[in-house]
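Topology and contacts: notes
These are the residues of each chain, in order.
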Amino acid sequence: MKRFLKRFAIISLIVLIGLVGIAALLASIYEKKIGERIIKEINKQITSDLRVNAFDLSVVSSFPNVAANLNGVSLTDNRDGLLLEAEQLSFRMGLLSLLSSKINVKSVVISDGALQVAIDQKGRPNYDIFKTSEEGNTSEETTDDDEGPTIALAEARLEDIDLIYVDESARQEMMANVQEARFSGEFSSEQFALDSDAKLEFRFVEMDGQRYLAGKNLAYDAVVDVDMTNGKYQFKEVMLDVESNVFRIDGSIEENDAGYYYDLFLNSEKSSLASMIQLLPREYLESLGEFDSKGDFIVKAEVKGQADDRKGPEIRAELSLEDGRLTSPLMDGTLKDVSFLATFSNGEARTNGSSVFEIKNMKGYFDRELMEMRLRVEDLDDPFIDFQLDGVVPVEMVYGFIPDERVKNGDGEIEIRNLQVKGKYDDMIQTSRIARVQTGGELEFDDASLTIAGEEMTIDKGRLQLQDNVLSIEGLKLEGAGSEMEFTGTAQNLLPVLFADSLNSKKAELNFQAKLFAKSLDLDRLVALSLVDEGEEVEEDVPVDSLKEQRIQNRERITNFLKGTFDAQVEEFNYNKIEGENFIGLLDFRNNQLNITGRTQAMEGSFDVQGELYFQDQPYLEARLSCNGINVHEFFREGENFGQDVLRAENVDGTLDAKIAIYVYWDEQGNLLWDKLKILAGLGIKNGKLQDFEMLESFSSFVDVRDLRDIHFTSMENFVEISKQRVIIPVMFIQSNALNLTISGEHSFDQDIAYSLKVNAGQVLANKFKKHDPELKPKKARRNGFFNLYYYILGNIDDYEMKSAKRQVKEDFEQSERRKRAIQHELEVAFNTVIEMVDEPQDWRDIPEYGDDDDADAEPIFLDWEKGGK
């Protein structure tokens, strides 16, 4: 027996090798002829153009069949576009058919290609390329030589085919990769059973501008009885798997003169609420996060009735959940005992207008706190919404849904009492029609807190009440980041603002009138909540500058909606080292602009503030500041010496009056644009002191060093400009106990300096022979001496040169005088008031030198704050 089996195996192997050899020989003989016949047969059946780069017959890979492979295939559509492109189009046929004059093709395999299906706005497809029976038959007799292979397909397969589908009439678009698909049946028969299965990966499905199923997988296994004569398709065993949601489809579709008649039923065999949520468009998923769910989730749907040009079939769907539990990485806890019933019907008219979607009796428990919700939407063409929400929401359960990575924790509760919205959606998004919408309900806060960028912000108490189009704010107390604030007031048009699109195309505005009372405000900590820290942890593929820009755009979008006023009263505030109290003012929001007016006490004096902050892609600030009786030492100390180390708080004292115009600009990422920063100031310092200022020790050769270390002056008045990272000091007269001089110059933010000085030499020489005045009385401004000294100081504060340069100094003074008048004019325009100037003391004007009268007609050069200047 063993010998027989061995011989049988050897003989079988020899026969098999012989058959393969014979088939290979026949394939080599008939390869060209069969290829030409197949291509000719296909071209006889279509109206478009089929192009093939190469053809070959394969026996070994498809044995016992023969594979006729068309390589590098392209097929045009009926618009001269590309319908199909494939690396290979392979026809499988019986081995013995190579010996027959008529070759029967059993199956076809299309692999590694792309199929582009398009339907234009009039509903005309691009794949209508097959000839009718009349077009296929001609009056010419068909000879035996013209007989091509008969394509009697029993099976067709697709392998790695990109499917692109665009329907302009229905506004639908789809891109998917058909990983594998199989279709088998007696396709040549009028009645047959179609057995098919497939696996697809969707790039996206787009309907009415909304994208679905991005990156999702779909698979099916189906048996459909096809009756080509009567146009009927009976679904017998159809299982559809969408992202692990498995549905069974039963019923039929029948074609008739009016269109199609549907009788289909769908129900879930295996599905979950979480995986169904994942089928939503990506923009919704980003806010919902990755839900996981448990519970009895049931999906049922029915499609029944005639579909024609006027209306579709009747559609009913039902989704229900019992004893459910929802968890998410965004939720600090579990939503338990969830139950709801959601239904959809397209109504008796079977149109969007008669459609109704409803969620009934939705319940769930957040940390043993009950939440109830219901929703009804009628008429999908012009939606009418009836929404109601009631319950307690623990902040710790929902803070993760806030789209800000700096929010790290939540605590406390928000109690929602009968919040309801009822009306047409189109009315809800337009301020002119919002009065037609019925709203009501209350929100009450109980120590509700969020931890933002390390700061715990708590709404200790407060209530929001919504009645029709009016939102009332009562005693909303906010604490955190070193601040304590309380808000009261009213707002209108809340719903149009909430439902506004990204462009605010409906011009929604939140009209409000509110009062802000604050016991304390730590402004730098509050401002930091909206900024991006360079050390902040962000996603690897998100640049910090991009995140800054995004937050500025978000802030601009919010401020674009604001139109109203805050009456503000602040007992104490600070910004870095600046400390103030008793601020009373008005914050007015208009068209992405914040207008600020107010008065506050700080630095032992008072400030009057007016300003406009513009919220744009590149925000900027224009402000006017009036300083009254400010302590100069505190001005420098709390201002942190204004970013320079030359003249510091410990060097100065006195009382400052000033008018300052400020222009500040930022880029898209919120970075201060130093090159565009501009400050204009009119300054007046009384009873001033300059102590231990090292730069003046250069004069110690002709001024007592004790005078230089403690300089007292009656007043110092001038205009100052800061622009292009330079401090510009126009020409001014300084009368002090050490010496009297006139000075002008520039000082850059990089500590580069260029100063011009004029000193009365006669007065200096006379003072050399006088005793040191311990009372440090200022020198009189009188004509003592025979000539003046002119000095030019150039270099860096750490390395500068001081030289005598009369002509250059006098030229600098003339230019500086013109710059001073320009600054004066700009300030008068900014403050809309006249700022007066006074003369340099008569006795201080240049005396005749070498026969010329220097500066005898000099113009006034400094402010007189006691004679009406403001």
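What you see is a predicted model, and the numbers here were worked out from it, not measured in a lab.

The rules behind these values
- Residues numbered from 1 in each chain as written.
- Predicted model: local features only at pLDDT ≥ 70, side-chain atom pairs only at ≥ 80, totals over all residues.
- Heavy atoms only, no water.
- Helix = DSSP H or I, 4+ residues; strand = E, 2+ residues; numbered from the N terminus.
- Buried < 20%, exposed > 50% of the residue type's maximum accessible area, 1.4 Å probe, protein only.
- Contact = heavy atoms within 4.5 Å.
- Areas by Shrake-Rupley, 256 points an atom, 1.4 Å probe, with all protein chains shown as cover.
- Patch = residues over 30% accessible without salt bridge, like charges linked within 9 Å, V, L, I, M, F, W, Y side chains within 5 Å.
- Salt bridge = Lys/Arg side-chain N within 4 Å of Asp/Glu carboxyl O.
- Lys, Arg positive; Asp, Glu negative; His and termini not counted.
- Charge placed at Lys NZ, Arg CZ, Asp CG, Glu CD.
- 1 Å grid on protein atoms, 1.4 Å probe; cavity = no way out; pocket = protein on both sides within 12 Å on 5 of 7 lines; lining within 4 Å.
- Points joined across faces, edges and corners; volume = space filled by probe spheres on them.
- Nonpolar A, V, L, I, M, F, W, Y, C, P; charged D, E, K, R; others polar.
- Pairing = 2+ DSSP bridges.
- Polar contact = N/O pair within 3.5 Å; in protein donor to acceptor, adjacent residues only side chain to side chain.
- pLDDT = per-residue confidence, 0-100.
- Phe/Tyr/Trp six-rings, centres within 6.5 Å; stacked < 30°, edge-to-face > 60°.
- Expected span 1.5 Å × (residues − 1).

Turning our eyes to something else, we now look at the overall build of the protein. In terms of helices and strands, the protein carries 13 helices and 41 strands. Buried residues in the protein amount to 43% of all 870 residues. Restricting to contacts in the protein with at least 6 residues of sequence separation, those with at least 24 account for 54%. Here the protein displays about 47400 Å² of accessible surface, and carbon together with sulfur accounts for 50% of that area.

It is worth spelling out a negative patch on the surface at this point. A contiguous patch of negative charge, built from Glu85, Glu87, Asp112 and Asp160, is present on the exposed surface. Inspection of the secondary structure assignment puts glutamate 85 in strand S3 (residues 82–94). On the basis of relative accessibility, which here comes to 44%, the residue glutamate 85 falls in the partly exposed class.

Summed over all chains, the structure comprises one cavity of 30 Å³ or more. Here the largest cavity defines a volume of roughly 70 Å³. For the lining of the largest cavity, the per-class residue count stands at six nonpolar, two polar and one charged.

This brings us to the pairing of strand S15 (residues 335–345). When a strand is regular, its side chains alternate between the sheet's two faces. Summarising the sheet, strand S14 (residues 314–327) and S15 pair through eight bridges and their orientation is antiparallel. Directly across from alanine 317, in S15, lies its bridge partner phenylalanine 344. Here S15 runs beside strand S16 (residues 356–366); their pairing, made up of eight bridges, is antiparallel. Directly across from threonine 343, in S16, lies its bridge partner glutamate 358.

Here asparagine 71 shows up in strand S2 (residues 65–76). Classification of asparagine 71 as buried rests on a relative accessible area of 18%. One polar contact links asparagine 71 to glutamine 88, side chain to side chain, over a distance of 3.0 Å. Not counting the four nearest positions on each side in its chain, asparagine 71 is found in contact with Val52, Asn53, Ala54, Asp56, Glu87 and Gln88.

For alanine 623, the position within the fold is in strand S29 (residues 620–631). In this structure the C-alpha to C-alpha distance between alanine 623 and alanine 830, which are 207 residues apart in sequence, comes to 9.0 Å. Not counting the four nearest positions on each side in its chain, alanine 623 is found in contact with Gln610, Gly611, Ile660, Ala661 and Ile662.

Strand S30 (residues 652–665) sits mainly inside the fold: ten of its 14 residues count as buried. Two strands pair when backbone bridges link them, and S29 and S30 are joined in this way by ten bridges, in the antiparallel orientation. Of the residues in S30, the one forming a bridge with glutamate 622 is tyrosine 663. Pairing geometry for S30 and strand S31 (residues 678–691), over eleven bridges, is antiparallel. Note that in S31 the partner of aspartate 653 across the bridge is lysine 689.

In this section: the environment of isoleucine 385. When you line up the elements, isoleucine 385 lands in strand S18 (residues 384–394). It is 9.6 Å that separates the C-alpha atoms of isoleucine 385 and methionine 428, two residues lying 43 residues apart in sequence. Not counting chain neighbours up to four residues away, the residues in contact with isoleucine 385 comprise Leu375, Arg376, Val377, Val421, Lys422, Gly423, Tyr425 and Met428.

Together, Lys294, Arg325, Lys336 and Arg368 make up a region of like positive charge exposed at the surface. Mapping arginine 368 onto the fold places it in the loop between S16 and strand S17 (369–378).

Despite not being glycine, aspartate 80 has its phi angle at roughly 65°, a positive value. Tracing the sequence through the fold places aspartate 80 in the loop between S2 and S3. Taking the relative accessible area as the measure of exposure, aspartate 80 reaches 75% and is therefore exposed. Residues other than glycine seldom take positive phi values, yet asparagine 493 does so here, at roughly 70°. Take asparagine 493: it is sitting in the loop between strand S23 (483–492) and helix H7 (494–498). Residue asparagine 493 is classed as buried on the basis of its relative accessible area, which comes to 6%.

Let's shift gears to the pattern of salt bridges. Summed over all chains, the structure comprises 38 salt bridges. With a shortest N-O distance of 3.3 Å, arginine 417 and glutamate 415 are connected by a salt bridge. For lysine 563, the salt bridge identified is with glutamate 509, shortest N-O distance 3.7 Å. One end of the pair, lysine 563, is in strand S25 (residues 562–575); the other, glutamate 509, is in the loop between H7 and strand S24 (510–522), and 54 residues separate them in sequence. Look at lysine 563 and you get partly exposed, because its relative accessible area is 31%.

Let us look at the side chain of threonine 451. Counting through the fold element by element, threonine 451 comes out in strand S20 (residues 438–452). Once residues within four sequence positions are removed from consideration, threonine 451 is found in contact with Arg406, Val407, Lys408, Asn409 and Glu456.

Before going further, it helps to examine the confidence of the model for the protein. Where the model shows low pLDDT, its predicted coordinates should not be examined in detail. Across the protein, pLDDT averages 78, with 74% of residues at or above 70. Across residues 138–145 the pLDDT falls below 50, and counting only partners more than four positions away or on other chains, this stretch makes zero contacts in the model. Counting contacts from residues 838–844, a segment whose pLDDT is below 50, to residues more than four positions away or on other chains yields 33 contacts.

Okay, the packing of aromatic side chains next. Inspection of the entire model under this criterion finds nine aromatic pairs. With centroids separated by 5.3 Å and ring planes inclined at 50°, the aromatic side chains of phenylalanine 512 and phenylalanine 566 adopt a geometry described as tilted. Placement of the pair is phenylalanine 512 in strand S24 and phenylalanine 566 in strand S25, with a sequence separation of 54 residues. Seen in terms of ring centroids, phenylalanine 566 and phenylalanine 589 are 6.4 Å apart; in terms of plane orientation they differ by 75°. Their pairing is edge-to-face. Of the two residues, phenylalanine 566 is situated in strand S25 and phenylalanine 589 in strand S26 (residues 578–590); the sequence distance between them amounts to 23 residues.

To continue, consider helix H13 (residues 806–831). Its 26 residues give H13 an end-to-end C-alpha distance of 37 Å, which sits within 8% of 38 Å, the value for a rise of 1.5 Å per residue. Every buried residue belonging to H13 is among Val809, Lys810, Phe813, Ser816, Glu817, Lys820, Ile823, Gln824, Leu827 and Phe831, and all of these are buried.

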